[in-house]
Amino acid sequence: MDENDDQYRWESGYERTWEVIQEDETGSLTAAINAINQKNRRKELAQLPNVRLGMMRHLYLVLDMSDAMKDQDLRPNRLFCAIELLKEFIFLYFDSNPISQIGIIITRRKRVEKISELAGNPRSHVALLEQLKYQECEGEASIQNALEMGLQTLKHMPKYSSREMLFVLGCLATCDHGNILQTIKTCKENEIRCSVISVSAEVRIFRKLCMDTKGLFHVITDSTHFQELLQIHSRPLPALDKFESSLVRMGFPKYRTYTTPNASISSTTAIAKHEKASMCMCHLEQRGGTNGFSIGGYFCPTCESKYCELPTECSVCHLTLVSAPHLARSYHFLFPIEQFIELTMEKPINEKCFGCQQAFDEQKHKTIYQCTSCKNFFCFECDLFIHGTIFTCPGCIRNGQLK
Amino acid sequence: MAYQLQYQAASNFKQSNSSSVIPSSAGGTTTTTRPMANGEDVRLKVNHVKSKKVEGTLYMMSERMGWMPKHKGDITLSFDYCDIKSQRISSDEKSKIRLQIVCYNETMTTFHFCNPNGLDAQKKDRDDVSELLKLLLPKFRSMMDQALEIKTKILNENKTVYQLYKDLVISGLVPADDFWNKYVDFDKLTESTKKQDTGVSGAFLSNIRPESGDNGGIIYKLNTDTVMSIFRTYPAIREKYEQNVHTRKMTEADFWRTFFQSHYFTMDRLNPSHSRDIFNDCVKRDDEKMLHEAERASRKAMAVIAPETNETSEIGYGVNEHAEDTSGKNDLNKNLIKRFNFHSTMILKSTLGTEVNNESSAASRAEPAEEDGDDDDVAKRFKPDDDLEDLRTEQPDENQALRLVNPERYLRAPTTDRSQKTSTAQVPINVKGFKQEMNNWSANTELSLNSHLAHRIVKDLTPGGALMHGTTAQTLSQIVPQTIQEEMQTIYISLSELLRHFWSSFPPSSPAIEEKIHRVHETIERFRDTQVNTFKEKVSTDLLTDFHLAGHMEDLIDIANKKYQQWTKTSGSIGRV
């Protein structure tokens, strides 16, 4: 194993992955595989500080509905599983990127259909996805047609927004009418970043699409991994070089219970006579039910129409409505917490994990992690949780530090 | 309709020498009068056409026809071709030569041709117009049909849209065009229902799975996609199809039956013995094509490997095969492989076909067009590929750096600059002072309640208690009857639709949009008068009056009103651009 730095890669200068895997006493590989998986998960959640991000995203979700999605290796079948996870993804996406928009495209029978246009209202998209579950999958997927359909709309989006397409594909081939490499080049010129999550296997053309457009390519191992990948995609990607900045108009409604100017609930016996009941605009299409029929809600600053939840886009005046905490969420990505230092447990440390209070056990915890500022120790699961979900270190908060 | 039309004396005629382009005047608001746009091309101009006893000229443009009275400069009657349902001609025996236009909205207009040159000239005029109409109308009819179809489909599928349509358009509040503009963008529609280009699937032939029919025969199912794939992959078949089916020599079913039965399609076609098979020559042509392709491929390869020699070493490409190589069984396999290769080559070629169209406008020409010239280019362009991307070490992407001037400001709320008020040395002294003061504090127990009273107060303040008489969503839905709720919902839907049109036109970028703002504002006010006020009276019963159910709607309208007033004031003071 003498490693000569000047050797070509195919001679010996690459990592011999088969030597890394070692069997343990019973001959099973699971422990080794788990360790590798853990490392990868940590790496993917890492974020570089001080990087410009594309916070305002216009994302087209392309869902494959070809024959391959009828396969039952994900329960109950791939399409079902994908749709359930995508519904969660949509809510997560709007949580992390409140000023962004999503549109949905499906591909089957060598053609594409646009299910919904780019819009900022999560509920309508989720309802449409729910309907898709029961439609049939057949034919073959056509990636070129999907790219062209996305191109049509995305190339008119403003320069300061990040244009993205996320493909969820189970097919192993794409049936196109022309040269897909040409279309990929056009996407690159228009700065559209395409990422692919492949449900079946790695396909070279998909990887090429992602590499050329600076997106991410992944192949899932199981549905949990699928969920984690979607989590990664809900975060904003680093901005491309040609980003321009611009001012964006937004509304910040407060929750109000609607009363007329002369309201006074002073007397204990009089019923408050000055309340106005109103209906919200987000649930108008649903007949029946008490949704949105109340006195309080968020009222749009320009047109006074009522909404139950934020963030959303006012359907009357097209103003993006957010609340300040939503925008503050961008801090998670703009000021990320540092990666913790990884330590192996050479000598037994008589401490508990600061996050979950579990005693450190040499057998279970091969590596523990230490925060750079508060010097507390965390186990692997807590480390993932801190970096992936809560974005703050519990030790640092305790000490009053804001990072 | 009895028209008393009379011939005008020839002397009264003046040939109108007007040019076909007339400057547009201010547009009216009715749909029948429209000035001629400067860009419209006149396809036919017929003088001496009378409508309702007034003489004038009939203009047939590319998208509409219009009639202009003789002494005026404006087209007073205009019909878009898509609105015209049909035309009727008066019978030739009658002395009056007339043409009647029937529109979809059941209006009928008659034109009387009164050319002073006599009956024949009149007939000729009318026939000209009629022919042109016959040509143009079918084009617009299909557009109209499609549009109508889509409209009905949308109305049937979507109950809310149907309700909206009923409320707004039928009651005349919103013109139909504006309404449909939201739901169906007709220009885009024709684009998207236009067939998308599809590729040819590699396995399409095997997807034509034969099923055994009832009588022991085999049934092949063909759909449009498969047929298109077959035509694109095998142009020879397409030619045969055109020769036979389009010239009515065979019906389509017959054609496909012969196709499947012919030796062309079956696997083991050794010797095309049946001479009546129409696909015989296809076999020969295919063979020729395969040879051609093989030669080309081998030439390209040799140009790279051994550019000096001109020979084409064809080992493996199937060119120049010697007869003694073939033995019976081998022949079968060879044939099969040949046919597979041919199939794949043709499929790949079918994608290049579209590429040529796309790139022909670009400066570079696509390869398949030019065969001979590119051999040298291929040799030149080939460079040894020892720098494969996959084998390179991964380099981290270079990202744009965030340029934050003062990062600390993002983490804490903006504070006033207190450094002048207290210096840092001062702080511990202040703290000590505070601590001393706090020593003197004592609890003021006068204002605290005893626990009994506190408990009662908390009980009162929980929902449902004596003090909490505010309405919650539950009480609302119970008290307000269902019908009222539904009516409220429909009013909200219509109102939000109107308001959306209103708000989307700010800031106005063209006079047409300013016009729209005025119109929508009027509509909203009318809406208030009609629907909102009726609703308001309905809910002014004792029970519901506390809730002010129409209050929010009025607020929505009031705010829109305020914006409108503001806008008219500012635009009035600035002056129209």
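Preceding this section is the structure that the text describes.
Our subject in this report is the structure included herewith. This structure is a prediction, so every number in the text was calculated from the model and none was measured.

1. Side note on the pairing of strand E6 (residues 97-103) of chain B
Residue and element names in this part refer to chain B.
Reasoning step 1: With seven of its seven residues buried, E6 lies for the most part within the structure.
Reasoning step 2: Sheet topology note: the strand E5 (residues 84-89)/E6 ladder contains five bridges and is antiparallel. Residue Arg88 lies in a different strand from E6, and its bridge partner there is Gln100.
Reasoning step 3: Examined bridge by bridge, E6 and strand E7 (residues 108-113) share six bridges and lie antiparallel to one another. Residue pairing across strands places Arg98 opposite His112, the latter belonging to E7.
Reasoning step 4: Here E6 hands over to E7 after four residues, with Glu106 in that stretch at a positive phi of 70 degrees.

2. Some details on the sheet that holds strand E2 (residues 54-61) of chain B
Residue and element names in this part refer to chain B.
Reasoning step 1: The strand order E4-E3-E2-E1-E7-E6-E5 describes an open sheet built from seven strands, whose pairing is antiparallel. Two strands lie at the open edges of the sheet, namely strand E4 (77-80) and E5, each paired on one side alone. Recorded for the sheet is a direction-independent mean angle of 30 degrees between the axes of neighbouring strands.
Reasoning step 2: Sheet topology places E2 next to strand E3 (residues 64-69); five bridges connect them, and they run antiparallel.

3. Thoughts on the sheet that holds strand E4 (residues 162-169) of chain A
Residue and element names in this part refer to chain A.
Reasoning step 1: Strand order in the open sheet made by the six strands is E3-E2-E1-E4-E5-E6, with mixed pairing throughout. A strand with exactly one partner marks an edge of an open sheet, and here the two such strands are strand E3 (111-119) and strand E6 (217-219). Ignoring which end each strand starts from, the neighbouring axes of this sheet average 15 degrees apart.
Reasoning step 2: As judged from the seven bridges shared by E4 and strand E5 (residues 192-198), these two strands associate in the parallel manner. Within E5, the position partnered with Leu169 by the bridge is Ser198.
Reasoning step 3: Strands in contact with helix H4 (residues 122-132) are strand E1 (57-64), strand E2 (101-108) and E3; relative to E3, the strand with the most contacts, it is inclined by about 155 degrees.

4. Structural notes on helix H12 (residues 426-439) of chain B
Reasoning step 1: With 14 residues, H12 of chain B extends 21 Å between its outermost C-alpha atoms, agreeing within 8% with the 20 Å of an ideal straight helix rising 1.5 Å per residue.
Reasoning step 2: The element H12 of chain B is barely covered by neighbouring structure, given that only zero of its 14 residues are classed as buried.

5. Topic: the pairing of strand E9 (residues 296-299) of chain A
Residues and elements named next belong to chain A.
Reasoning step 1: Bridge analysis of strand E8 (residues 255-257) against E9 gives three bridges, and the strand direction is antiparallel. Looking at E9, one finds that Arg256 is bridged to Gly297.
Reasoning step 2: With two bridges connecting them, E9 and strand E10 (residues 306-307) associate as antiparallel partners. Paired with Tyr298 across the bridge in E10 is Tyr307.

Cut-offs used in this document
Residues numbered from 1 in each chain as written. Chains lettered and ligands numbered in written order. Predicted model: local features only at pLDDT ≥ 70, side-chain atom pairs only at ≥ 80, totals over all residues. Heavy atoms only, no water. Buried < 20%, exposed > 50% of the residue type's maximum accessible area, 1.4 Å probe, protein only. Helix = DSSP H or I, 4+ residues; strand = E, 2+ residues; numbered from the N terminus. Pairing = 2+ DSSP bridges. Axes fitted to C-alpha atoms, helices over the stretch in contact; angles between N-to-C directions. Contact = heavy atoms within 4.5 Å. Expected span 1.5 Å × (residues − 1).

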